[in-house]
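# A look at the structure
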Amino acid sequence: FLAASQGGPGLDFAQFMDVSREALAMNRLPLSSSIQLPIHVLIGDKDPLIDPAYESQEWRRLAPQASLAVIPNIGHHVHLEWSGFSRFLEQWVSSP
């Protein structure tokens, strides 16, 4: 995608997203299946880089022990864009 956006040969955006999803899934699989700690995934429903529905399904498949929340009106950087992130994190970390 970068090469294409800079005028060189490369992938179009749809191809880039397909390749990215495959790479992310490959990278997460060994990690997520071996983690013995709680996992909570936060996904912004307005994320322009990933599809929240797809990511939700992938995390449920790769780490069924994980909890997941899709945050409304938030983009890719949930930790920066969501005003409730700090409060959520404090509560999640302090819960049994």
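Given the structure is predicted, the values throughout are model-derived calculations rather than measurements.

### A word on the packing of aromatic side chains
Summed over all chains, the structure comprises one aromatic pair. Aromatic side chains tryptophan 82 and phenylalanine 88 sit 6.0 Å apart centroid to centroid with 40 degrees between the ring planes, which places their arrangement in the tilted category.

### A word on the pairing of strand 2 (residues 67-71)
Pairing analysis gives five bridges linking strand 1 (residues 40-44) to strand 2, with the strands arranged parallel. Looking at the pairing, histidine 40 lines up with serine 67 of strand 2. In this region the chain leaves strand 1, passes through helix 3 (residues 52-62) and returns to the parallel neighbour strand 2; the handedness of that crossover is right-handed.

### Observations regarding the environment of proline 52
Turning to its location among the elements, proline 52 is positioned in helix 3. Once residues within four sequence positions are removed from consideration, proline 52 is found in contact with Ile43, Gly44, Asp45 and Val70.

### Concerning the side chain of serine 56
With respect to the secondary-structure elements, serine 56 resides in helix 3. Here proline 52 takes part through its backbone oxygen, which lies 2.8 Å from a polar atom of the side chain of serine 56. Discounting residues that sit within four places of it in the chain, serine 56 has contacts with Ile43, Leu68 and Val70.

### A few points about the confidence of the model for the protein
Note: predicted coordinates in regions of low pLDDT should not be interpreted at a detailed level. Summarising the model, the protein shows a mean pLDDT of 75, and 62% of its residues fall at 70 or more. When the elements of the protein are averaged for pLDDT, helix 1 (residues 2-5) gives the smallest value, 39, and helix 4 (residues 78-81) the largest, 93. Predicted confidence for residues 1-9 stays below pLDDT 50, and this span has ten contacts to residues more than four positions away or in other chains.

Definitions and cut-offs
Residues numbered from 1 in each chain as written. Predicted model: local features only at pLDDT ≥ 70, side-chain atom pairs only at ≥ 80, totals over all residues. Heavy atoms only, no water. Phe/Tyr/Trp six-rings, centres within 6.5 Å; stacked < 30°, edge-to-face > 60°. Pairing = 2+ DSSP bridges. Helix = DSSP H or I, 4+ residues; strand = E, 2+ residues; numbered from the N terminus. Right-handed = clockwise from strand over helix to strand, strands pointing away. Contact = heavy atoms within 4.5 Å. Polar contact = N/O pair within 3.5 Å; in protein donor to acceptor, adjacent residues only side chain to side chain. pLDDT = per-residue confidence, 0-100.

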